[in-house]
Each structure stands twice: as C-alpha cells, then as structure tokens.
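Architecture at a glance
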Amino acid sequence: EVQLVDSGGGLVQPGGSLRLSCAASGFTFSNYAMSWVRQAPGKGLEWVAAINTGGSSTNYADSVKGRFTISRDNAKATVYLQMNSLKPEDTAAYYCYGGVVTGEDVWGQGTLVTVSS
C-alpha cells in the first residue's frame with residue numbers, strides 16, 4: 001500500500017520551532033520529488049516547499065523562505081520540514097505530497113501546527 005504518514009505537529013509559541021516528518025512506504029521514495037502543503041483554518045491549500053529526488057534542489061514559498069527548511073533522507077524514506085521563527089500565521093494543517101504514484105495523488109494524512117502564546 002502506498003502511504004505517507006505525517007507527524008511532528010503541535011502547539012508552539014511564536015518564535016519557536018518544530019520539525020515535521022513524513023514517512024513513506026509502498027513505493028520507491030527516492031524516485032519522487034516531495035512537497036509540503038498547508039491549509040490554514042478556513043483557507044485553501046498553500047504550497048510551502050519542495051525538494052527534488054536527491055535532495056540537492058529545494059524551493060520555498062515566499063511566506064516561509066528563510067525560516068523553513070525541507071530535507072529528505074532517502075535511506076529512511078522520510079522527508080522533513082524544519083520550521084523556525086514560527087508566526088501565528090503559520091498555524092495550519094501541514095500535509096506532505098508525493099505527486100502521482102501508480103496513477104493516484106499521494107498525500108499524508110496531515111499534522112496540525114498551532115502557533116499561539
């Protein structure tokens with residue numbers, strides 16, 4: 001079964017940090033670029049960051065550039081999102097996305113990040 005499992009969310013104060021993880025199984029993880037996408041309460045999906053198959057190239061939304069870092073460990077079939085200097089507007093459900101695998105979009109189940117004092 002093709003699966004992505006997101007974890008690492010929680011409640012953090014403004015200025016704090018969190019690291020999200022997304023563990024993949026059921027497909028050849030190293031063959032797929034990976035992304036993180038978020039959805040704030042009452043809003044649509046927002047692409048956050050992407051990383052290529054080997055991890056040598058990354059891209060970020062302007063809203064998180066300089067604060068978030070995407071990385072991957074192909075040996076562990078896991079992609080990470082290190083989030084620093086968190087702001088209340090970063091509050092959202094965060095999903096990892098693996099693209100189209102065996103004909104279907106592959107999404108994690110999401111992990112909730114709440115930034116509040």
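Residues numbered from 1 in each chain as written. Predicted model: local features only at pLDDT ≥ 70, side-chain atom pairs only at ≥ 80, totals over all residues. Heavy atoms only, no water.

A separate point is the environment of Gln82. Assignment of secondary structure puts Gln82 in strand 8 (residues 78-83). With relative accessibility at 25%, the residue Gln82 sits in the partly exposed group. Note: C-alpha distance between Gln82 and Ile70 (twelve residues apart in sequence) is 6.4 Å. Look past the residues within four positions of Gln82 in its chain and what remains in contact with it is Ser17, Leu18, Arg19, Arg67, Phe68 and Thr69. A distance of 2.9 Å separates a polar atom in the side chain of Gln82 from a polar atom in the side chain of Asn84. (Helix = DSSP H or I, 4+ residues; strand = E, 2+ residues; numbered from the N terminus. Buried < 20%, exposed > 50% of the residue type's maximum accessible area, 1.4 Å probe, protein only. Contact = heavy atoms within 4.5 Å. Polar contact = N/O pair within 3.5 Å; in protein donor to acceptor, adjacent residues only side chain to side chain.)

Time to look at the sheet that holds strand 8. Sheet strands pair via backbone hydrogen bonds, and the direction of the pair is either parallel or antiparallel. The four strands lie next to each other as 1-3-8-7, forming an open sheet whose pairing is antiparallel. Of all strands in the sheet, those with a lone pairing partner are strand 1 (3-7) and strand 7 (68-73), marking the two edges. Shown here is a sheet whose adjacent strand axes are inclined to one another by a mean of 15°, direction ignored. In terms of strand pairing, strand 7 meets strand 8 through six bridges, oriented antiparallel. Across the sheet, residue Ile70 finds its bridge partner in strand 8, namely Leu81. (Pairing = 2+ DSSP bridges. Axes fitted to C-alpha atoms, helices over the stretch in contact; angles between N-to-C directions.)

Here we take up the pattern of salt bridges. Inspection of the entire model under this criterion finds four salt bridges. With its nearest N and O atoms 2.7 Å apart, the salt bridge here joins Asp90 to Arg67. Placement of the pair is Asp90 in the loop between strand 8 and strand 9 (92-101) and Arg67 in the loop between strand 6 (58-60) and strand 7, with a sequence separation of 23 residues. Classification of Arg67 as buried rests on a relative accessible area of 11%. What emerges from the salt-bridge pattern is a single network uniting Arg38, Glu46, Arg67 and Asp90. (Salt bridge = Lys/Arg side-chain N within 4 Å of Asp/Glu carboxyl O.)

Let's shift gears to the layout of surface pockets. The computed volume of the largest pocket comes to approximately 160 Å³. Lining the largest pocket are 14 residues, and of these Arg38, Ala40, Lys43, Glu46 and Glu89 lie nearest its centre. Residues belonging to the lining of the largest pocket are distributed by class as follows: four nonpolar, four polar and six charged. (1 Å grid on protein atoms, 1.4 Å probe; cavity = no way out; pocket = protein on both sides within 12 Å on 5 of 7 lines; lining within 4 Å. Points joined across faces, edges and corners; volume = space filled by probe spheres on them. Nonpolar A, V, L, I, M, F, W, Y, C, P; charged D, E, K, R; others polar.)

The geometry of two aromatic rings is summed up by the distance between their centres and the angle between their planes. A full pass over the atoms with the stated rule returns three aromatic pairs. Centroid distance Tyr95 to Trp107: 6.4 Å. Interplanar angle 85°. Geometry classified as edge-to-face. Residue Tyr95 is found in strand 9, and its partner Trp107 is found in strand 10 (residues 104-107); the two are separated by twelve residues along the sequence. Note on Trp107: relative accessible area 36%, which makes it partly exposed. Plain terms: the ring middles of Tyr97 and Trp107 are 4.4 Å apart, the flat faces sit at 40° to each other, and that makes the pair tilted. You can see Tyr97 sitting in strand 9 and its partner Trp107 sitting in strand 10, a full ten residues away along the chain. Cluster of aromatic residues (ring-pair linked, three or more members): Tyr95, Tyr97 and Trp107. The lysine or arginine in question, Arg72, covers the ring of Phe29, its NZ or CZ lying 4.3 Å from the ring centre. (Phe/Tyr/Trp six-rings, centres within 6.5 Å; stacked < 30°, edge-to-face > 60°. Lys NZ or Arg CZ within 6 Å of the ring centre and 35° of its normal.)

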